[in-house]
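The primary structure of each chain is shown beneath.
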Amino acid sequence: MKTRIIGTGSCLPANVVTNDDLSQIMDTSDEWISSRTGIRKRHLAKDETTASMSIEAARRAMENAGVTAEEIDLIIVGTVSADYITPACSCEVQAAIGAERAVAFDINAACSGFMFALHIANAYLQCGTYQTALIIGAETLSKIMDWSDRSTCVLFGDGAGAAVVRADEKAGFLAFDLGSDGVKGRVLSGVNRTNNNPLIQTPKELQYIHMDGQEVYKFAVTMVPASLHKVIEEAGLGVEDIDYFALHQANIRIIQSVAKRLKVAEDKFPISLDHCGNISAASVPILLDEMNQRGLLKPGMKIALSGFGGGLTWASAVLEW
Ligand code: ACO
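Residues numbered from 1 in each chain as written. Predicted model: local features only at pLDDT ≥ 70, side-chain atom pairs only at ≥ 80, totals over all residues. Heavy atoms only, no water.

Undergrad: Go over the pairing of strand 12 (residues 302-309) with me, naming the residues and quoting the values.
TA: When you tally the buried positions in strand 12, you get eight out of eight residues, the bulk of the element. Burial along strand 12 is two-sided: the face carrying Lys-302, Ala-304, Ser-306 and Phe-308 and the face carrying Ile-303, Leu-305, Gly-307 and Gly-309 are both buried. With four bridges joining them, strand 11 (residues 244-247) and strand 12 adopt parallel strand pairing. When the bridges of strand 12 are listed, Leu-247 appears paired with Ser-306. Where strand 12 lies against strand 13 (residues 313-320), eight bridges are found, and the strand directions are antiparallel. Bridging from a neighbouring strand, Gly-307 pairs with Ala-315 of strand 13. In textbook terms, the turn of a hairpin is the stretch between consecutive antiparallel strands, and for strand 12 and strand 13 this stretch comprises three residues, one of which, Gly-311, has a positive phi near 140°. (Buried < 20%, exposed > 50% of the residue type's maximum accessible area, 1.4 Å probe, protein only. Helix = DSSP H or I, 4+ residues; strand = E, 2+ residues; numbered from the N terminus. Pairing = 2+ DSSP bridges.)

Listed below in structure tokens is the structure:
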């Protein structure tokens, strides 16, 4: 029995902000951002929330899969930017779509969140606990950005992507590889609400995402090819058997470097970061949905997925579509 993706969906905020728009409000330029990152624009939420985008992405994925809310057993949302500490975003999705039978919870594995959630669902489906799951990656990163830090805020965007997965006899996931390195975690961090109990004289001010970009770059370009090699081998395949590599959309230079290290042509690496920026846990499912909508995914194709980022965490998988 395998775990198969049977439908995808995504939702981006209505407001598009180009690099030129950003250069009107901070000391940056389209040339600096696009040459270093490949990002040309991103969607930033105004009225949308992490939950509202998750709900819309979920509805689209369920429609694409031909699945009703009654059939959903499990909902997992990967996010670092849920609207509430509680209820979980997944519980808001459950309520909105009316998936009354579903068990719902969120996980935090930053940019690997969707991939970690897929792996959890895979385990449940493999042991027969659940049959059909809704897996979502969703972020409103713009609310946790320091908009006075031009080296970080220009990289990120908002959005949500979803996939419906189901136990299947034939096609589906062939292998997973997950890892974490908490020792290096502070190279990409965001402090939560700090303690303000009566014993604290001066509560700390709210803090935002902080990143050591060069350290993150070094981590990604070594760990991602290693993880992909491992998972492809475990699937009993060679790099040349993979039709597409759907990677977390952090930075075009990371993707180009991974392609070079794997000795694979760059056109096997579809891109959404040019129009979305980096949307952390939502990057991989949004990219998958765009590939699906464009008709790139054909039955029998072998697709490698990889998420990597905060924690530090990474997660790769190979599937047969
Ligand atoms: N516009 C104009 N100039 C800028 C900007 C900006 N938005 N941001 C920084 N600069 C300036 C800096 O002030 C610095 O100027 P100085 O030399 O006068 O001091 C100069 O550009 C170089 O700054 P660096 O931070 O050293 O820039 P770097 O060349 O490292 O590029 C980048 C930054 C693109 C983030 C790079 O480190 C990188 O590719 N990192 C990969 C990690 C990544 O993409 N992370 C995304 C999130 S993590 C994840 O999803 C896994």
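From this point on, the discussion continues.
Undergrad: Describe the nonpolar core, with residues and values.
TA: The biggest cluster of nonpolar side chains holds 45 residues, and the ones touching the most others in it are Leu-228, Phe-245 and Phe-269. Those elements that place two or more of their residues in this core are strand 10 (209-211), helix 7 (213-234), strand 11, helix 8 (252-262), strand 12 and strand 13. For this core, the leading source of residues is helix 7, giving eight residues. When residues no more than four places from it in sequence are discounted, the contact partners of Phe-245 are Leu-228, Ile-232, Val-239, Leu-262, Val-264, Lys-268, Phe-269, Pro-270 and Ala-304. Core analysis: the next-biggest nonpolar cluster, separate from the first, contains 34 residues, Leu-125, Phe-173, Ala-246 and Met-291 among them. (Core = buried A, V, L, I, M, F, W, Y, C linked by side-chain atoms within 4.5 Å. Contact = heavy atoms within 4.5 Å.)

Undergrad: Lay out helix 2 (residues 30-37) with the relevant residues and their values.
TA: Within the sequence span of helix 2, burial applies to Ile-33, Ser-34 and Thr-37. On an axial view of helix 2, the arc spanned by its buried residues comes to 95°, and they lie on one face. Where helix 2 is buried, its residues contact helix 1 (19-25), strand 3 (41-43), helix 8 and helix 9 (273-276). Looking one or two residues past helix 2, Gly-38 carries a phi angle of roughly 85°, positive in sign. (Arc of directions from axis to C-beta.)

Undergrad: Report on the packing of aromatic side chains, specifying residues and quantitative values.
TA: Counting across every chain of the model gives four aromatic pairs. Taken together, a centroid distance of 4.8 Å and an interplanar angle of 10° make the contact between Phe-245 and Phe-269 stacked. Of this pair, Phe-245 sits in strand 11 while Phe-269 sits in the loop between helix 8 and helix 9, and the two are 24 residues apart along the sequence. (Phe/Tyr/Trp six-rings, centres within 6.5 Å; stacked < 30°, edge-to-face > 60°.)

Undergrad: I'd love a proper account of the sheet that holds strand 8 (residues 172-180), names of residues and values included.
TA: What the four strands build is an open sheet, ordered 8-13-12-11; its pairing is mixed. Single-partner strands in this sheet number two, and they are strand 8 and strand 11. Within the sheet, the average angular offset between the axes of one strand and its neighbour, ignoring direction, is 15°. With eight bridges connecting them, strand 8 and strand 13 associate as antiparallel partners. Note on strand 13: the bridge partner recorded for Ser-180 is Thr-313. Helix 5 (residues 113-126) contacts strand 8, strand 12 and strand 13 of the sheet and is inclined by roughly 125° relative to strand 8. (Axes fitted to C-alpha atoms, helices over the stretch in contact; angles between N-to-C directions.)

Undergrad: Go over helix 5 with me, naming the residues and quoting the values.
TA: Taking 1.5 Å as the rise per residue, helix 5 with 14 residues should run 20 Å; its terminal C-alpha atoms sit 20 Å apart, in good agreement. Along helix 5, the positions that sit buried rather than exposed are Gly-113, Phe-114, Met-115, Phe-116, Ala-117, Leu-118, Ala-121, Asn-122 and Leu-125. (Expected span 1.5 Å × (residues − 1).)

Undergrad: Summarise the site of the ligand; cite the residues concerned and give the values.
TA: Every one of the 23 residues lining the ligand counts as a neighbour, but Thr-28, Arg-150, His-248, Asn-251 and Asn-278 are closest to it. Separating an oxygen atom of the ligand from a side-chain N or O atom of Arg-150 is a distance of 2.8 Å. One nitrogen or oxygen atom from the main chain of Gly-213 is found 3.0 Å from a nitrogen atom belonging to the ligand. Burial of the ligand by the surrounding chains reaches 72%, relative to a free accessible area of 1,000 Å². Those elements giving two or more residues to the shell around the ligand turn out to be helix 2, helix 6 (150-153), helix 7 and strand 12. Considering every element that reaches the shell around the ligand, the biggest residue donor is helix 7, with four residues. Taken together, the residues that form the shell around the ligand break down as eleven nonpolar, nine polar and three charged. (Near = heavy atom within 4 Å. Polar contact = N/O pair within 3.5 Å; in protein donor to acceptor, adjacent residues only side chain to side chain. Areas by Shrake-Rupley, 256 points an atom, 1.4 Å probe, with all protein chains shown as cover. Nonpolar A, V, L, I, M, F, W, Y, C, P; charged D, E, K, R; others polar.)

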